[in-house]
Amino acid sequence: MKLDDLKTLSGGTKTILDLFEQIPNRAQEFSASTGDMLFDYSKTQIDGDIRAALIKLCDDAGLADRREAMFSGAKINETEGRAVLHTALRNLDGGPVQVDGLDVMPDVLDTLHRMRIFAEEVRGGTYTGAGGSFTDVVNIGIGGSDLGPVMATHALSPYHDGPRLHYVSNVDGAHIADTLRQLDPTRTLVIVASKTFTTIETMTNARTARAWMSEGGGDPARQFAAVSSALDKTQAFGIPAERVFGFADWVGGRYSVWGPVGLPVMIAVGSNAFDAFLRGGQSMDVHFRAAEWAENLPVMLALVGIWHRQVLGHASRAVLPYDQRLLRLPAYFQQLEMESNGKSVAMDGTALEVASGPVVWGEPGTNGQHAFYQLIHQGTDVIPCEFMVAAEGHEPELAHHHRLLLANCLAQSEALMRGRSLDEARDRMAAKGLEGAELDRQARHRVFPGNRPSTTLIYPQLTPFVLGQVIALYEHRVFVEGVLLGINSFDQWGVELGKELATSLGPIVDGEEDTAGKDGSTAALVAYALRQRGE
């Protein structure tokens, strides 16, 4: 079975409403669950034949073998010669994991133990800054060293009982200036997250934070920690080894929140809640390895994505969490998928013959309903939507808020499926007293095409365990899609060229070198910037 074969099935697809009429228990047949988490994909045009064909893709692509290769430490990141073992970071009691004949779990668990001790010392006030116990923690990182902990800190705010957390990622001086302005340099802990300790944005911000702390009476030698594997560089920066938490090269940045990159999250919510987060991820790993394809949440989520993007040609995908605390989740998934599967070359180096990953974007509901849902409902492009929502919130005194939130989430997926016909719109306008040409004109503006696909992930409540499940679910979804597309989901060469050019442009923008060899546009823009600076 190949993707091109599936396109022949798409030509005769029935509407989603037709499928519900033909299959009375469609909601049960076209959903999958693990524990208390339910994934409903019945509001798509996938029927039994299409699902069978999609599942055959998994077998033909050798997904089961590829999955076990990943979990067993094989170097499936072939362009970099690395294993892919972020799952080991949450393998709390799953046994040994071998890389090059060595069990990596003792080091993983030792680092986690050191993180727990340090986090609890900071939280409990036994480890302090120059001015006393820490009131604030600033995490300096970018990409996976920022998006993951930012997302998780927001998501787990009901469990946040430690110091206040702040995140700085952008090299734009406004970001660190606005963050540090409100803080006490004698009672702020700074965590610098960079595996190599050379990331230019991160190190620029770290040096600025160190100078701010020194000038304000703080003690950088005591009040800095690092998430890095470059002990020589962290020592040269002034951070002692006991406050450096490293991770191996088999953990990619966008998959790293489970380990030392999650240190600020652990400080915020405590080691017990962080362990629950890890166990949620581990539970999804167990499900992914054991469940049959049709009952396997990561696999079915991936197959729905393949159906919409590679078969039907829908170029973007909206991630719509109905939870304000998941406001950074769409951006997190954006990096996870677009950096992983935004490729045009197959594993063997040949040009990819099908479309690669979609554009992933979104915002929390209900905010998005008053922003971009107009285009989703009535625009000319079909945008598959992925809703997620909890059955209940964390504030019992505000339960009526959550019921309204849940109603809105379910209403949106129903509206996308049902739409509104021209006849229905005419009846509504006639009821308002319109008639003739004006009735018809007004009615046409109120037509909703309908038959627009969506999925819904629903769970009891957004707890640390559930958040771990959700993140691991989407990680494995990206992996499955990559296997089916025949690409390497674990390198990211597309980010390198811009970095190289930025390095070469630095002296030119500083006015130290001329623009010889640069294109006319770049040279003109540099000249404009220099003129504005009076140089």
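Anything mentioned here points back to the structure above.
As a further point, take the sheet that holds strand E2 (residues 37-40). The six strands are arranged E1-E2-E13-E12-E10-E11 in an open sheet whose pairing can be described as mixed. With one partner strand each, in any of the chains shown, strand E1 (31-34) and strand E11 (359-361) form the two edges of the open sheet. Here the strands of the sheet are splayed against their neighbours by 15° on average, with no regard to which way each runs. Pairing of E2 with strand E13 (residues 454-459) involves three bridges; the strand directions are antiparallel.

Another aspect to go through is helix H20 (residues 464-485). Helix length check: H20 (22 residues) gives 32 Å between terminal C-alpha atoms against 32 Å at 1.5 Å per residue, within 8%. H20 sits mainly inside the fold: 21 of its 22 residues count as buried.

Another aspect to go through is the nonpolar core. Note that soluble globular proteins tend to have their nonpolar side chains buried in a common cluster. Counting residues in hydrophobic clusters, the biggest one holds 113 residues, and the most contacted among them are Trp250, Phe333, Met388, Tyr459 and Leu467. At 13 residues, H20 tops the list of elements feeding residues into this core. Excluding anything up to four places from it in sequence, Met388 contacts Val319, Leu320, Pro321, Tyr322, Leu326, Leu329, Phe333, Leu457, Tyr459, Val470 and Tyr474. Core analysis: the next-biggest nonpolar cluster, separate from the first, contains 20 residues, Val192, Phe224, Ala226 and Ile239 among them.

Glancing now at the environment of Cys58. Position of Cys58 among the secondary structure elements: in helix H4 (residues 48-60). When its relative accessible area of 1% is taken as the criterion, Cys58 is described as buried. Sequence separation between Cys58 and Trp293 is 235 residues, and the spatial gap between their C-alpha atoms is 8.1 Å. When sequence neighbours within four positions are dropped, the list of residues in contact with Cys58 reads Leu63, Trp293, Val299, Leu303 and Leu484.

Moving on, we get to the state of the cysteines. Scanning the entire structure with this criterion turns up zero disulfides. Cysteine Cys385 shares no disulfide, and the gap to the nearest cysteine sulfur, in Cys409, comes to 10 Å. The exposure class assigned to Cys385 is buried, which follows from its relative accessible area of 2%.

This next bit is on the packing of aromatic side chains. Counted by the stated rule, this structure contains 18 aromatic pairs. An angle of 80° between the planes, with centres 5.9 Å apart, marks the rings of Phe30 and Tyr41 as edge-to-face. Taken together, the residues span a long stretch of sequence, with Phe30 in the loop between helix H3 (26-29) and E1 and Tyr41 in the loop between E2 and H4 at a distance of 11 residues. In terms of burial, Phe30 and Tyr41 fall into one category: buried. Where Phe197 meets Phe237, the ring centres are 5.7 Å apart and the plane angle is 85°; that geometry is what we call edge-to-face. Note that Phe197 is positioned in the loop between strand E7 (188-193) and helix H9 (200-215) and Phe237 in helix H11 (residues 231-237), a separation of 40 residues in sequence. Side by side, Phe197 and Phe237 carry an identical accessibility label, which is buried. Among the aromatic side chains, those forming a connected cluster through ring pairs are Phe71, Tyr255, Phe288, Phe479 and Phe490. For the cation-ring pair, Arg26 lies above Phe20, with the distance from its terminal atom to the ring centre recorded as 5.6 Å. Seen from the ring of Phe288, Arg67 lies directly overhead, with NZ or CZ sitting 5.7 Å from the centre.

We now examine the side chain of Thr188. Relative to the helices and strands, Thr188 resides in strand E7. For Thr188, a relative accessible area of 0% translates into the label buried. At 2.7 Å, the side chain of Thr188 and the backbone oxygen of Asp184 are in polar contact. Once residues lying within four places of it in the same chain are set aside, the contact partners of Thr188 are Phe134, Asp136, Val138, Leu183, Trp212, Met213 and Gln223.

Working definition: the strands of a sheet are paired by backbone hydrogen bonds and lie parallel or antiparallel to each other. Read across the open sheet, the five strands follow the order E6-E5-E7-E8-E9; overall the sheet is parallel. Whereas interior strands pair on both sides, the edge strands pair on one side only; in this sheet they are strand E6 (164-168) and strand E9 (244-245). For strand E5 (residues 136-140) and E7, the ladder comprises five bridges, and the chain directions are parallel. Each bridged residue has a counterpart across the sheet, and for Val137 the counterpart in E7 is Leu189. The strands that helix H7 (residues 144-155) touches are E5, E6 and E7; relative to E6, the one it contacts most, it runs at about 150°. Taken strand by strand, helix H8 (residues 173-180) contacts E5 and E6, and its axis lies near 165° from that of E6.

About the cut-offs
- Residues numbered from 1 in each chain as written.
- Predicted model: local features only at pLDDT ≥ 70, side-chain atom pairs only at ≥ 80, totals over all residues.
- Heavy atoms only, no water.
- Pairing = 2+ DSSP bridges.
- Helix = DSSP H or I, 4+ residues; strand = E, 2+ residues; numbered from the N terminus.
- Axes fitted to C-alpha atoms, helices over the stretch in contact; angles between N-to-C directions.
- Expected span 1.5 Å × (residues − 1).
- Buried < 20%, exposed > 50% of the residue type's maximum accessible area, 1.4 Å probe, protein only.
- Core = buried A, V, L, I, M, F, W, Y, C linked by side-chain atoms within 4.5 Å.
- Contact = heavy atoms within 4.5 Å.
- Disulfide = S-S within 2.5 Å.
- Phe/Tyr/Trp six-rings, centres within 6.5 Å; stacked < 30°, edge-to-face > 60°.
- Lys NZ or Arg CZ within 6 Å of the ring centre and 35° of its normal.
- Polar contact = N/O pair within 3.5 Å; in protein donor to acceptor, adjacent residues only side chain to side chain.

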